[in-house]
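Structural overview for review
Okay, here's what each chain looks like letter by letter:
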Amino acid sequence: MKNKGYQQKRVQRSSKNNKQKKYTFKYMVVGGIIISLIVLFLVLYINQYVQISRKNLRVETLEEERQQVKRDKLYLQLQISRLQSLARIEEVAKDEFNMVEPNEIHYLVLEEDTLKEDYDQDEFQSETEDSKFNFGERLVIWLKGLTQVEAGSLD
């Protein structure tokens, strides 16, 4: 009988051990899943942080390129202004094309009465010969009058 009691206690202890082993296995599985999820979230967080850092670096490099392009634009505008200056154009004309400045400037002065008669006569002719001149011819005549420049002036 002693053996029977001992065996029953042994069976009870082994069943307790089996139950404990089942519970510890379940806890280990649940703990492993929780640890895996925590590691997964940490990896995703670090990945997002790295992506944001890369994007910020790209933004900074693009901003530097933008500033460089702005500086280049200002430099080119300065070059354009320098090349278009009248002093430089005069220097190029003298050095490369062997041009010289005129010693004297000749002006043609017309008397006021002559100018008025010519103007009145032209106006009279244009009114009487309106049918002979079309709009295109008048425009050409007007443009020629605008492009005539006195010697020695740029106006």
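Computed from a predicted model, the values in this text were never measured in an experiment.

**With respect to the overall build of the chain**
When its secondary structure is counted, the chain shows 4 helices and 0 strands. Counting every atom, the chain has about 15700 Å² of accessible surface; 60% of that belongs to carbon and sulfur.

**Looking at unusual backbone geometry**
The backbone phi angle of N98 is positive, close to 55°, even though this residue is not glycine. Looking at where N98 falls in the secondary structure, it is placed in the loop between α2 (86-97) and α3 (112-128). The exposure class assigned to N98 is exposed, which follows from its relative accessible area of 64%.

**Some points on the pattern of salt bridges**
Going through the model one piece at a time under the given rule, you end up with 3 salt bridges. The closest approach of N and O atoms between K94 and E101, which form a salt bridge, is 3.0 Å. With relative accessibility at 47%, the residue E101 sits in the partly exposed group. Each of E90, K94 and E101 takes part in a single network of salt bridges with overlapping partners.

**Description of the confidence of the model for the chain**
Atomic detail in the predicted coordinates should be set aside for any region of low pLDDT. Residues with a pLDDT of 70 or more make up 65% of the chain, whose mean pLDDT is 77. Looking over the chain, one finds the lowest element-wise mean pLDDT in α3, namely 54, and the highest in α2, namely 88.

**Notes on α2**
Given 3.6 residues per helical turn, the α-helix brings residues three or four places apart onto the same face. With 12 residues, α2 should reach 16 Å at 1.5 Å per residue; the first-to-last C-alpha distance of 15 Å fits that figure. Phi turns positive, to about 55°, at N98, one or two residues after α2.

**What to know about a nonpolar patch on the surface**
On the surface, a nonpolar cluster with roughly 680 Å² of combined accessible area is contributed by F25, V29, I33, L37, L40, F41 and L44. Along the chain, I33 falls in helix α1 (residues 2-84).

Definitions and limits used
Residues numbered from 1 in each chain as written. Predicted model: local features only at pLDDT ≥ 70, side-chain atom pairs only at ≥ 80, totals over all residues. Heavy atoms only, no water. Helix = DSSP H or I, 4+ residues; strand = E, 2+ residues; numbered from the N terminus. Areas by Shrake-Rupley, 256 points an atom, 1.4 Å probe, with all protein chains shown as cover. Buried < 20%, exposed > 50% of the residue type's maximum accessible area, 1.4 Å probe, protein only. Salt bridge = Lys/Arg side-chain N within 4 Å of Asp/Glu carboxyl O. pLDDT = per-residue confidence, 0-100. Expected span 1.5 Å × (residues − 1). Patch = residues over 30% accessible without salt bridge, like charges linked within 9 Å, V, L, I, M, F, W, Y side chains within 5 Å.

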